[in-house]
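# Coordinate analysis (summary)
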Amino acid sequence: MKSKRIPGSSSRRKTPWDAKPGLTPVELFIKSNYLTHYDEKHPHLDQTNEAELINSYPVTECPYCASHKLIRSGFDSNGIQMYRCKDCGRRFTRITGTIFQDHKISVTEWIEYCLDLMGYNSLNATAKVNKNSYTTSKYWMEKIFLLLQSIADEMELSGTVYIDEKMYRAASRDLIEVNGSKLRGISRNQYCIAIGYDGHDTYCYVEGTGKTSIPKTWKAFGAHITPGSKLIHDKEKAHVTLVKRLDLKSTAYDSKGLHGLRDKENPLDPINRQCFLLERFLDAHQGFNRNNLQDYCNLFMFLVNPPLNKLEKIKKLLDSAMTSAVTLKFRECFKVHSDD
Ligand SMILES: [Zn+2]
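Heads up: these notes are all about the structure in this document. The structure presented is a predicted model; accordingly, all values stated were derived computationally and were not measured.

What counts as what
- Residues numbered from 1 in each chain as written.
- Predicted model: local features only at pLDDT ≥ 70, side-chain atom pairs only at ≥ 80, totals over all residues.
- Heavy atoms only, no water.
- Buried < 20%, exposed > 50% of the residue type's maximum accessible area, 1.4 Å probe, protein only.
- Helix = DSSP H or I, 4+ residues; strand = E, 2+ residues; numbered from the N terminus.
- Pairing = 2+ DSSP bridges.
- Right-handed = clockwise from strand over helix to strand, strands pointing away.
- Axes fitted to C-alpha atoms, helices over the stretch in contact; angles between N-to-C directions.
- Salt bridge = Lys/Arg side-chain N within 4 Å of Asp/Glu carboxyl O.
- Donors = N, O, S within 2.8 Å, 3.2 Å for Na, K, Ca; no water.
- Parallel < 35°, antiparallel > 145°, perpendicular 65-115°, else oblique.
- Left-handed = near helix turned anticlockwise from the far one by under 90°.
- Contact = heavy atoms within 4.5 Å.
- Nonpolar A, V, L, I, M, F, W, Y, C, P; charged D, E, K, R; others polar.

### Describing the pairing of strand 9 (residues 230–234)
Taking burial as the measure, the 5 residues of strand 9 include 4 buried ones, the bulk of the element. In terms of strand pairing, strand 9 meets strand 10 (residues 249–253) through 5 bridges, oriented parallel. Paired with Lys230 across the bridge in strand 10 is Lys249. As for the winding sense of the linkage, the β-α-β connection from strand 9 through helix 7 (residues 240–245) to strand 10 is right-handed.

Structural data, given as structure tokens:
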């Protein structure tokens with residue numbers, strides 16, 4: 001099966017000699033080496049056991065009308081089990097409405113892509129390694145961002161929880177100018193990222209530009225800290241309502257009083273360390289659109305949080321991609337893309 005190309009993407013499978021008859025030995029050699037590598041990176045669905053993998057995920061709901069009245073209805077050309085909905089009459093497979101619909105990328109390629117991504121590669125480098133066009137890579141990135149968001153939405157910190165706010169600068173092209181000079185100091189040029197850590201997981205939430213506030217802190221952490229947990233933080237006034245409403249056992253330190261302490265002696269060191277790692281990660285992806293700041297924070301969380309083994313991370317992401325909870329979001333995203 002030949003995979004469809006996304007409009008606007010230029011195929012990296014092309015060589016200068018595709019239409020030329022009678023290639024010279026050197027042209028033939030380069031072309032065949034290049035295509036061998038390309039095909040290794042883009043295996044056809046029937047060369048892998050993907051149908052088996054896809055069929056192993058249960059199907060309980062029609063992706064079009066959410067009905068549970070389904071019957072098995074043969075297999076598609078790739079060996080993927082098809083179903084028919086007894087209510088709306090439409091046919092579909094386990095991957096209809098998921099990121100793997102239409103096989104724009106195979107699961108095998110996707111795993112490669114995720115491994116590259118976890119190696120902190122930039123999008124462009126990842127696209128080159130896999131010989132995908134940059135557009136395809138970006139399109140995939142957006143799909144992964146949706147998955148990461150659904151993982152982040154379900155996170156909850158518990159036990160001893162450290163929280164803080166990390167300010168992160170706007171992209172230089174977006175800095176607001178006053179009298180012709182770009183002022184990095186003014187609050188609208190700084191994003192506030194709420195960050196929490198319980199010794200196990202890190203949670204980040206982009207509050208917006210400017211300083212934190214009581215409602216912003218509540219929105220960031222209200223649903224992501226288990227009530228009754230122990231809270232270790234600085235004396236930020238905006239945390240007051242969070243402590244009260246979640247009945248947290250609060251220990252607050254005056255951060256000014258901690259200046260000059262060695263890391264080991266600083267009671268806020270665990271959260272300071274997370275802030276440092278987040279900043280380093282964001283700096284490594286310099287120049288990204290700040291509209292995606294939460295997405296990049298979600299990617300950071302995914303990389304630093306357990307499971308730490310890369311292959312286990314991919315399993316988690318793949319399971320998430322296959323759950324029906326996110327399929328609807330993918331279809332919405334898909335609609336937006338087909339109108340482009
Ligand atoms: Zn249906």
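Continuing now.
### Thoughts on the sheet that holds strand 3 (residues 91–93)
Read from one edge to the other, the open sheet built from 3 strands follows the order 1-2-3, with strand pairing classed as antiparallel. Looking at strand neighbours, the two that pair on one side only are strand 1 (70–75) and strand 3, the edges of this open sheet. Taken pair by pair, the neighbouring strands of this sheet meet at an average axis angle of 40 degrees, ignoring direction. The sheet contact formed by strand 1 and strand 2 (residues 81–85) spans 4 bridges and is antiparallel. Note that in strand 2 the partner of Arg72 across the bridge is Tyr83.

### A short note on the pattern of salt bridges
The final tally for this structure, using the stated rule, is 7 salt bridges. Between Lys166 and Glu279 there is a salt bridge, with its nearest N and O atoms 3.2 Å apart. Taken together, the residues span a long stretch of sequence, with Lys166 in strand 4 (residues 160–169) and Glu279 in helix 9 (residues 269–284) at a distance of 113 residues. What makes Glu279 partly exposed here is its relative accessible area of 27%. With a closest N to O distance of 3.5 Å, Asp319 and Lys315 form a salt bridge. Placement of both Asp319 and Lys315 in helix 11 (residues 310–322) is noted, with a separation of 4 residues, approximately one turn of the helix. Overall, Asp319 belongs to the partly exposed group, its relative accessible area being 28%.

### A look at the coordination of the zinc ion
Only Cys62 (SG), Cys65 (SG), Cys85 (SG) and Cys88 (SG) from the protein reach the zinc ion as donors, at distances of 2.3 to 2.4 Å. All donor residues of the zinc ion come from one chain, and their arrangement in sequence is C-x2-C-x19-C-x2-C. On the criterion of sequence distance, the pair formed by Cys62 in the loop between helix 2 (50–56) and strand 1 and Cys85 in strand 2 is long-range, its members being 23 residues apart. Residue classification places Cys62 among the buried positions, given a relative accessible area of 1%.

### Some details on the packing of helix 9 against helix 10 (residues 293–304)
One way to put it is that helix 9 packs onto helix 10 with a least axis distance of 10 Å and a crossing angle of 120 degrees. With respect to each other, helix 9 and helix 10 are oriented oblique. Where helix 9 crosses over helix 10, the handedness of that crossing is right-handed. Residues Gln274, Leu277, Leu278, Phe281 and Leu282 of helix 9 form the contact with helix 10, whose participating residues are Leu293, Tyr296, Cys297, Leu299, Phe300 and Leu303. Among the residues making up the contact of helix 9 with helix 10, the classes are represented as 10 nonpolar, 1 polar and no charged.

This is a description of form; function is not addressed.
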